[in-house]
Amino acid sequence: MNVLGIETSCDETSASVVHDGIVRSNIVSSQLVHRMYGGVVPELASRAHQRMIIDVVEEALRTAGIAKGDIGLIAATYGPGLAGALLVGLSFAKALAFGLRIPFVGVNHMEGHLYSNFLTPSPPAYPFLALIVSGGHTMLVLVRRPFVHQLLGETRDDAAGEAFDKTARMLGIGYPGGPIIDAIAREGNPAAIRFPRAFLENGSYDFSFSGVKTAVLYYLRDRGLLADAPGECVIDRPHLADICASFQKAVVDVLVAKTISAAREFSVRDIAVAGGVSANTHLRARMAEEASRLGMRSLSPPLEYCMDNGAMIAYVGWLRGQRGERSANDLTAIPNLALG
Ligand code: KG4
Ligand code: ZN
């Protein structure tokens, strides 16, 4: 069966065709309009989704080599995310399913990230631990069986990706900050500056990244290095590289330590890291190193499935569709939808 998946929760308009669990197309249109603001502007995101949605869906069908009549089920993200952005993809998907008289399934964006690890030749084996790190979320989840999730911890303030984005904004190096900091950090010394690591109470799997972000703010402000506007960096390159490397290490140290400690406590062998921040080279390398030291595996999807994408939504739609699940006609966007 062909499943059309639609994702519009934030600033990527994406559509994908998954045929019996195999990705046939995955078209992602990233909105560039937000760059000049150093962050996503919700209304601009909704309008851009509205402009792009038909073209992106047509391209996904064309690339997969199928026509509208060949779609058996439509899946779309209904939360969490920006309300106006979600409504565009969700309404489009429901209307198309209604017009084609085929079933529709609403998908939780976080489940999309979680199960994106199955779009690889070497998926995790149950039970496994998932670290979902994106611009909006940081979650540590124990996955005992398909769709049986136990949330072990999440961020109490900023998400990991948000900390990257806000730090990049203070540095004046552009948006989204994660990939830019990742690239510049390669030239720097991660031990140059000691930024704080928030481990919280003993045994807690929650995260907090506002402290490290504020420490960078004070560091820059005390030295007159804060950027006045997005994209206007006033720091010399070697110093900038040291700041990026030291900040990145502070974030990654906490992510890796908590994940490994949970993996040991719950005796899992596989750790699946997903979400935009799982593209981070230092995080991937450190998690793989620590996991293999303990005889565990650290897995991450290919980069195209780390960022927001329709394939992960189509895949979860396919899994849920196979279980006979269908969404009610009155399903609407839920911006703060929890992981079930
Ligand atoms: O999953 P995603 O595409 O969207 C959300 O659901 O939020 O994640 C986007 C986030 C952004 O905060 C971006 O800065 C971060 O992922 N990101 C990275 C890297 N690539 C993307 N963070 C650190 N290192 C990267 N290489
Ligand atoms: Zn996401």
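As the structure is a prediction and not an experimental result, all values here were calculated from the model.

Caption draft 1: Region of the structure containing the overall build of the protein chain. Helix and strand counts for the protein chain stand at 10 helices and 10 strands. Scaling as 2.2 N^0.38, a compact globule of 340 residues should have a C-alpha radius of gyration of about 20 Å, and the protein chain matches this with 20 Å. Counting only C-alpha atoms, the protein chain reaches 60 × 45 × 30 Å along its principal axes. Out of the 340 residues in the protein chain, the part that is buried amounts to 55%. By sequence separation, contacts in the protein chain at least 24 residues apart represent 73% of the contacts at least 6 residues apart. By element, 53% of the accessible surface of the protein chain is carried by carbon and sulfur atoms, the whole surface being about 14,100 Å². When the 31 positive and 33 negative side-chain charges of the protein chain are each reduced to one mean point, those points stand 4 Å apart.

Caption draft 2: Quick look at the domain arrangement of the protein chain. Looking at the protein chain, the domain boundaries give domain 1 (2-114 + 305-322) and domain 2 (126-300). Each of domain 1 and domain 2 was reduced to a C-alpha centroid, and the two centroids are 27 Å apart. Together domain 1 and domain 2 conceal approximately 1,500 Å² of surface at their shared face, both sides included; 72% is due to carbon and sulfur atoms. At the junction of domain 1 and domain 2, the tally comes to 1 residue pair in polar contact (both at pLDDT 80 or more). Those elements giving two or more residues to the side of domain 1 that touches domain 2 turn out to be helix 3 (109-115) and helix 10 (310-322). A total of 4 residues in the side of domain 1 that touches domain 2 trace back to one element, the largest contributor, which is helix 3. Across the side of domain 1 that touches domain 2, the residue classes tally to 10 nonpolar, 4 polar and 4 charged.

Caption draft 3: Seen up close, the sheet that holds strand 9 (residues 270-274). Pairing is mixed across the open sheet formed by 5 strands, whose spatial order is 8-7-6-9-10. Two strands lie at the open edges of the sheet, namely strand 8 (148-154) and strand 10 (297-299), each paired on one side alone. Strand-to-strand twist of the sheet, defined as the mean angle between neighbouring strand axes without regard to direction, takes the value 25°. As judged from the 3 bridges shared by strand 9 and strand 10, these two strands associate in the parallel manner. Note on strand 10: the bridge partner recorded for Asp270 is Arg297.

Caption draft 4: Molecular detail of the packing of aromatic side chains. Using the criterion set out here, one finds 9 aromatic pairs in the structure. For the pair Phe118 and Tyr126, a centre-to-centre distance of 5.8 Å together with 25° between the ring planes defines the contact as stacked. The buried category is assigned to Phe118, whose relative accessible area is 15%. The interplanar angle of 15° and the centroid separation of 6.0 Å between the aromatic rings of Phe207 and Phe209 together place this pair among those described as stacked. Among the residues examined, Phe209 registers a relative accessible area of 2% and is labelled buried. In textbook terms, an aromatic cluster arises when at least three aromatic residues are bridged by ring pairs, as seen for Tyr115, Phe118, Tyr126, Phe128 and Phe147.

Caption draft 5: The arrangement of the nonpolar core in detail. Phe195, Leu220, Ile243, Phe247, Leu255 and Leu283 are the most contacted members of the largest nonpolar core, which has 51 residues in total. Counting residues per element, the ones that place at least two in this core are strand 6 (128-133), strand 7 (138-145), helix 4 (160-171), helix 5 (177-185), helix 6 (210-222), helix 7 (237-265), strand 9 and helix 8 (281-293). In terms of residues, this core owes the most to one element, helix 7, which gives 15 residues. Beyond its immediate chain neighbours, meaning those up to four positions away, Leu220 contacts Met170, Leu171, Leu225, Leu226, Ile235 and Ile243.

Caption draft 6: Summary view of the coordination of the zinc ion (ligand 2). The protein atoms that coordinate the zinc ion (ligand 2) are His109 (NE2), His113 (NE2) and Asp308 (OD), at distances of 2.0 to 2.1 Å. Coordination at the zinc ion (ligand 2) comes from 4 donor atoms whose angles at the metal span 94 to 144°, giving a geometry best classed as irregular. Each donor residue of the zinc ion (ligand 2) belongs to the same chain, and together they define the spacing H-x3-H-x194-D. On the criterion of sequence distance, the pair formed by His113 in helix 3 and Asp308 in the loop between helix 9 (303-306) and helix 10 is long-range, its members being 195 residues apart. Neither His113 nor Asp308 differs from the other in exposure class; each is buried.

Caption draft 7: The arrangement of the site of ligand 1 in detail. Around ligand 1, the surrounding shell holds 21 residues, and the nearest of these are Gly135, Asp165, Gly178, Asp182 and Gly276. Gly135 places a polar main-chain atom, nitrogen or oxygen, 2.8 Å from an oxygen atom of ligand 1. Within the backbone of Gly276, one N or O atom sits 3.0 Å away from an oxygen atom of ligand 1. Considered on its own, ligand 1 offers 550 Å² of accessible surface; in the complex 91% of this is hidden by protein.

Caption draft 8: Spotlight on the layout of surface pockets. By volume, the largest pocket amounts to about 1,000 Å³. Looking at the largest pocket, it is lined by 39 residues, and the ones nearest its centre are Cys10, Asp11, Gly135, Asp165 and Tyr175. Those elements that place two or more of their residues in the lining of the largest pocket are helix 3, helix 4 and helix 5. Ranked by the residues each element gives to the lining of the largest pocket, the list is headed by helix 4, at 6 residues. Partitioning the lining of the largest pocket into residue classes produces 13 nonpolar, 17 polar and 9 charged. For the lining of the largest pocket, the domains that each give at least three residues are domain 1 (2-114 + 305-322) and domain 2 (126-300).

The rules behind these values
- Residues numbered from 1 in each chain as written.
- Chains lettered and ligands numbered in written order.
- Predicted model: local features only at pLDDT ≥ 70, side-chain atom pairs only at ≥ 80, totals over all residues.
- Heavy atoms only, no water.
- Helix = DSSP H or I, 4+ residues; strand = E, 2+ residues; numbered from the N terminus.
- Rg over C-alpha atoms; globule rule 2.2 N^0.38 Å.
- Buried < 20%, exposed > 50% of the residue type's maximum accessible area, 1.4 Å probe, protein only.
- Contact = heavy atoms within 4.5 Å.
- Areas by Shrake-Rupley, 256 points an atom, 1.4 Å probe, with all protein chains shown as cover.
- Lys, Arg positive; Asp, Glu negative; His and termini not counted.
- Charge placed at Lys NZ, Arg CZ, Asp CG, Glu CD.
- Domains from an automatic or database assignment.
- Buried area = accessible area lost by both parts, 1.4 Å probe.
- Polar contact = N/O pair within 3.5 Å; in protein donor to acceptor, adjacent residues only side chain to side chain.
- Nonpolar A, V, L, I, M, F, W, Y, C, P; charged D, E, K, R; others polar.
- Pairing = 2+ DSSP bridges.
- Axes fitted to C-alpha atoms, helices over the stretch in contact; angles between N-to-C directions.
- Phe/Tyr/Trp six-rings, centres within 6.5 Å; stacked < 30°, edge-to-face > 60°.
- Core = buried A, V, L, I, M, F, W, Y, C linked by side-chain atoms within 4.5 Å.
- Donors = N, O, S within 2.8 Å, 3.2 Å for Na, K, Ca; no water.
- Tetrahedral: all angles 85-135°; square planar, octahedral: opposite > 155°, others 65-115°.
- Near = heavy atom within 4 Å.
- 1 Å grid on protein atoms, 1.4 Å probe; cavity = no way out; pocket = protein on both sides within 12 Å on 5 of 7 lines; lining within 4 Å.
- Points joined across faces, edges and corners; volume = space filled by probe spheres on them.

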